[in-house]
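Below are the chains, spelled out letter by letter.
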Amino acid sequence: MRNTFFFLYLFFIAFSTSCDPPKRVTADRLFLVKPDGMAHYDLKNHKQKFFLPYALEEISGLSFVGDGVLACIQDEDARLFLYNYHDKKIVRSVKFWNPGDYEGVEIIGDTAYVVNSKGDLLAFDYKAGDNKPDTREVNTKLGKKNDIEGLCFDRQTNSLFLVCKGESEINKKKVAGQAVYRYDLTADKLDTTPVFTITKKDIKNFLEIHKDNSYEEKRINFRPSGIAPHPIDGHFYIIASTGKLLLVVDRKGKIQASYPISPGILGQPEGICFAPNGDMFISSEGEGDKGYILRFEMQ
């Protein structure tokens, strides 16, 4: 009888183990690709976290200024904030235009460039004074349907790069995927041919080359919310709050690396920039609480 109970016990253990639900496939296993020979970042372990004043609860753009200072904007009030992350405080703010939907900021010399969701650029001397500066508005050929959310400066071409979260077409010319357009600062005009585009198929093919999984193209969601060039390798880092993914692409738009973003660490990532030493800063809206910026060290 004891042997009978013993074998029944072993059967129960074996049966219950075989019936355990399959373990959840982690985002890292599905989307994390960090090839050797590239700059690496651990998006699960930030070195510092800076909680921002409530004026920046809806922070939407980020740019590195220097000496521990970051330029920040939020997406409603046309005000530029200079935040010193060493002292953990706003050191200055500049009202530059009327209320709107502002999504990206870039500092080049003494000039601040801010882009709204329609792709219009606002340029002003951010050192001119605390009163409303002499701001120049530039209407590009982009529009509301493009839903521009990222802006960065490309030193090689003396251009601003604008990334589309929405549709990528201009003048009814269809463009597949999410396009990055170039505003030539020398010529003072937008090039209506994309610098590069990133499609769902591009992401699918990249992942299937590096991962032992198949991916459904229709289930891949990547809607960029920020873009920044890496100061050392020159690749572009494009972050997406919708889709919770960070892609690293070369100058032709070919994907080089991918990082999943944990919603528990970055709830709504909107801005990205780099310090000259490779430190990466990513800002997130507060979603009803304080907005914040995370600093990641380059590995």
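Residues numbered from 1 in each chain as written. Predicted model: local features only at pLDDT ≥ 70, side-chain atom pairs only at ≥ 80, totals over all residues. Heavy atoms only, no water.

(A) A look at the overall build of the protein. Within the protein one finds 3 helices and 20 strands. A principal-axis box enclosing the C-alpha atoms of the protein has dimensions of 95 × 45 × 35 Å. Considering the protein as a whole, with its 299 residues, one finds that 49% of them fall into the buried category. A total accessible area of about 15,200 Å² is found for the protein, and carbon and sulfur atoms account for 49% of it. (Helix = DSSP H or I, 4+ residues; strand = E, 2+ residues; numbered from the N terminus. Buried < 20%, exposed > 50% of the residue type's maximum accessible area, 1.4 Å probe, protein only. Areas by Shrake-Rupley, 256 points an atom, 1.4 Å probe, with all protein chains shown as cover.)

(B) Representation of the pattern of salt bridges. One pass over the full model with this rule turns up 13 salt bridges. A salt bridge links glutamate 169 to lysine 145, with the shortest nitrogen-to-oxygen separation between them at 2.8 Å. Of this pair, glutamate 169 sits in the loop between β11 (159-164) and β12 (178-184) while lysine 145 sits in the loop between β9 (136-138) and β10 (148-154), and the two are 24 residues apart along the sequence. Given the relative accessible area of 9%, glutamate 169 is considered buried. Here arginine 295 and aspartate 279 are joined by a salt bridge, their closest N and O atoms 2.9 Å apart. Linking arginine 295 in strand β20 (residues 292-296) with aspartate 279 in the loop between β18 (269-274) and β19 (280-284), this pair joins segments that are 16 residues apart in sequence. A relative accessible area of 12% means that arginine 295 is categorised as buried. Three or more residues are tied together by salt bridges with common partners; here these are Asp77, Arg79 and Lys95. (Salt bridge = Lys/Arg side-chain N within 4 Å of Asp/Glu carboxyl O.)

(C) Local environment of the pairing of strand β8 (residues 121-125). For β8, the tally of buried residues reaches 4 of 5 residues, placing the bulk of the element in the interior. The pairing of strand β7 (residues 111-116) with β8 spans 5 bridges and is classified as antiparallel. Bridge pairing in β8 links threonine 111 to aspartate 125. Here β7 hands over to β8 after 4 residues, with glycine 119 in that stretch at a positive phi of 90°. Judged from the 3 bridges that link them, β8 and β9 form a sheet pairing that is antiparallel. (Pairing = 2+ DSSP bridges.)

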